[in-house]
Amino acid sequence: MTQGVPEELRIKRKELDKVDRELLSLIAKRMKIVKDITEIKRKYGIPVFDKAREEQVLKTREIWGLEEGIDWRFVEEVFKLILQQSRSQQLYAKSKLYIGIYGYGGMARTLAEVFSRAGHKVVITGRNLEKAKELAQSLKVEWGEPKEVASKVEWLILAVPPDALIDVVRELAPLMRSGSLLSDISSVKSGIVDKILKELPEYVEYISLHPLFGPDIDPIGETIVMIPLKSYDYWVRELSQALVSMGFEVVTASPDEHDKAMAVTQVLHHFALLTLKRSMDELAKELDVNYEGYVTYSFKKTLDTIKRLESLFDVVKEIQQRNPYAKNARRKFIENAEQLNEEFA
Ligand SMILES: O=C(O)C(=O)C[C@]1(C(=O)O)C=C[C@@H](O)C=C1
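All values reported here derive from a predicted model rather than from experimental measurement.

Visitor: So what exactly am I meant to see when it comes to the sheet that holds strand E8 (residues 249–252) here?
Guide: Sheet strands line up and pair through hydrogen bonds in the backbone, either parallel or antiparallel. As summarised here, the arrangement of the 8 strands in space is E3-E2-E1-E4-E5-E6-E7-E8, forming an open sheet in which the pairing is mixed. The sheet terminates laterally at strand E3 (142–143) and E8, the two strands that pair on one side only. Where strand E2 (residues 121–125) lies against E3, 2 bridges are found, and the strand directions are parallel. Paired with Ile124 across the two strands is Trp143, which belongs to E3. Its contacts with the sheet put helix H7 (residues 162–172) on strand E1 (98–102), strand E4 (155–158) and strand E5 (181–184), and the angle it makes with E4 is roughly 155°.

Dropping the structure here:
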């Protein structure tokens, strides 16, 4: 391959090799400092994720980049990646929890991975033990029979679709340890949490969770909504601290507050983007045009989001169907589209 490469290009490539090596050494040096920061944060119980500091980091680096003649957007992208890596390197567990995860889908994997990386003891279970075992082995954590797991963990997280949820609660909740905690992670809370509450024995606590991220992204720095339904202060404090020290932002809400907020940020957002996609496809066909080469920087991001939504279509549909405020949200969207259409006429 080197044959035919002009000598001066070869020399320049060598120079690049050297600089890139130095770049990596500097990144490793930064990571070592981050490790020290983790220890300090663990000592004082300071959250991993510090939004204000990250904003300051991005702003200063963008300015320094400009001083060096480097485009700020590039600097922003690079430092966003560095910060993401930095956060995910920092996870710590102040007190170690024994956590059971029922399920082997994408969210089960993401949560199990983060919890075990932070130092918690994780055990995977589910109806299909082979699948549970497969996931557990790939993450190097334990697996076990549902009943056995339910009876030994301190915190059992059910990462199963809403239709399967109640049966699992009915089967496993009575076997849980006194004072232990149960959580579901469903995207809509109305019509689900009440049913779960009815099934719970008196000695089991219940905090419903909604991780506001999909299974396919690095979750550190993202938000988890915490909905305490049946718990003493102990678990609310313990859980909130555990999540914060793993780098999550925690928002506490009631089930109704959660569903209302999600009607705005999730239902409307998904509906608008899927409507956009269908309209794009129809219009492109009608106009007989291939628009793929004409995609702007920000539209590329929109298309990526649409692709993600399409790959999670079942979940998207379920949210649209189950959120009690979804119908109104969709109507608002249609009304506003019509109104805007008149304004633009
Ligand atoms: O300064 C901190 O608190 C850090 O943990 C370091 C760091 C960084 O890598 O710069 C990482 C995560 C925080 O969200 C903010 C900044």
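Visitor: Looking at this structure, I do not really get the UniProt feature "domain: Prephenate/arogenate dehydrogenase" (unreviewed entry) in the chain. What am I missing?
Guide: With numbering matched to this structure, UniProt assigns "domain: Prephenate/arogenate dehydrogenase" (unreviewed entry) to residues 97–345. Helix makes up 56% of residues 97–345 and strand 16%, with an end-to-end C-alpha separation of 60 Å.

Visitor: I keep staring at the site of the ligand and nothing clicks. Help me out?
Guide: The full set of residues close to the ligand is Arg30, Ile37, Lys41, Val48, Phe49, Asp50, Arg53, Glu54, Leu83, Ser86, Arg87 and Gln90. Between the ligand and Glu54, the relevant distance is 2.5 Å, taken from an oxygen atom to a side-chain nitrogen or oxygen of the residue. At 2.7 Å, a side-chain N or O of Gln90 approaches an oxygen atom of the ligand. In isolation the ligand exposes 360 Å². Once the protein is present, 91% of that is buried. When contributions to the shell around the ligand are tallied by element, the ones reaching two or more residues are helix H1 (7–44), helix H2 (51–67) and helix H3 (72–90). In terms of residue class, the shell around the ligand is built from 4 nonpolar, 2 polar and 6 charged.

Visitor: Mind showing me how you'd approach the pairing of strand E6 (residues 205–211) here?
Guide: Side chains on a regular strand alternate between the two faces of the sheet. Within E6, 7 of the 7 residues are buried, which leaves it mostly tucked inside the rest of the structure. Neither face of E6 is exposed, since Glu205, Ile207, Leu209 and Pro211 on one face and Tyr206, Ser208 and His210 on the opposite face are all buried. Viewed along the sheet, the connection from E5 through helix H8 (residues 193–199) into E6 turns out right-handed. In terms of strand pairing, E6 meets strand E7 (residues 223–230) through 6 bridges, oriented antiparallel. Residue His210 lies in a different strand from E7, and its bridge partner there is Val225.

Visitor: So what exactly am I meant to see when it comes to the domain arrangement of the chain here?
Guide: Many descriptions give the size of an interface as the accessible area lost when the pieces come together. Domain boundaries in the chain define domain 1 (7–90), domain 2 (98–253) and domain 3 (258–344). Look at where the C-alpha atoms of domain 1 and domain 2 centre, and you get two points 33 Å apart. Each partner contributes residues to the interface: domain 1 has 7 residues there, and domain 2 has 9 residues. Taken together, both faces of the contact between domain 1 and domain 2 bury some 720 Å²; the carbon and sulfur share is 56%. On the domain 1 side of the contact with domain 2, Phe49, Arg87 and Ser88 bury the most area, a combined 55% of that side's loss. Across the contact surface, domain 1 and domain 2 share 0 salt bridges. Put simply, domain 1 and domain 2 have 2 residue pairs in polar contact (both at pLDDT 80 or more) between them.

Visitor: Is there a simple way to think about helix H9 (residues 233–245) in this case?
Guide: Residue pairs spaced three or four apart in an α-helix point in one direction, given the helix's 3.6 residues per turn. Taking 1.5 Å per residue, 13 residues should reach 18 Å; H9 reaches 18 Å between its end C-alpha atoms and fits that length. Taken as a whole, H9 has its buried residues at Trp235, Glu238, Leu239, Ala242, Leu243 and Ser245. Following H9 by one or two positions, Gly247 adopts a phi angle in the positive range, close to 100°.

The rules behind these values
- Residues numbered from 1 in each chain as written.
- Predicted model: local features only at pLDDT ≥ 70, side-chain atom pairs only at ≥ 80, totals over all residues.
- Heavy atoms only, no water.
- Pairing = 2+ DSSP bridges.
- Helix = DSSP H or I, 4+ residues; strand = E, 2+ residues; numbered from the N terminus.
- Contact = heavy atoms within 4.5 Å.
- Axes fitted to C-alpha atoms, helices over the stretch in contact; angles between N-to-C directions.
- UniProt positions renumbered as here; feature names shortened; annotations may be inferred.
- Near = heavy atom within 4 Å.
- Polar contact = N/O pair within 3.5 Å; in protein donor to acceptor, adjacent residues only side chain to side chain.
- Areas by Shrake-Rupley, 256 points an atom, 1.4 Å probe, with all protein chains shown as cover.
- Nonpolar A, V, L, I, M, F, W, Y, C, P; charged D, E, K, R; others polar.
- Buried < 20%, exposed > 50% of the residue type's maximum accessible area, 1.4 Å probe, protein only.
- Right-handed = clockwise from strand over helix to strand, strands pointing away.
- Domains from an automatic or database assignment.
- Buried area = accessible area lost by both parts, 1.4 Å probe.
- Salt bridge = Lys/Arg side-chain N within 4 Å of Asp/Glu carboxyl O.
- Expected span 1.5 Å × (residues − 1).

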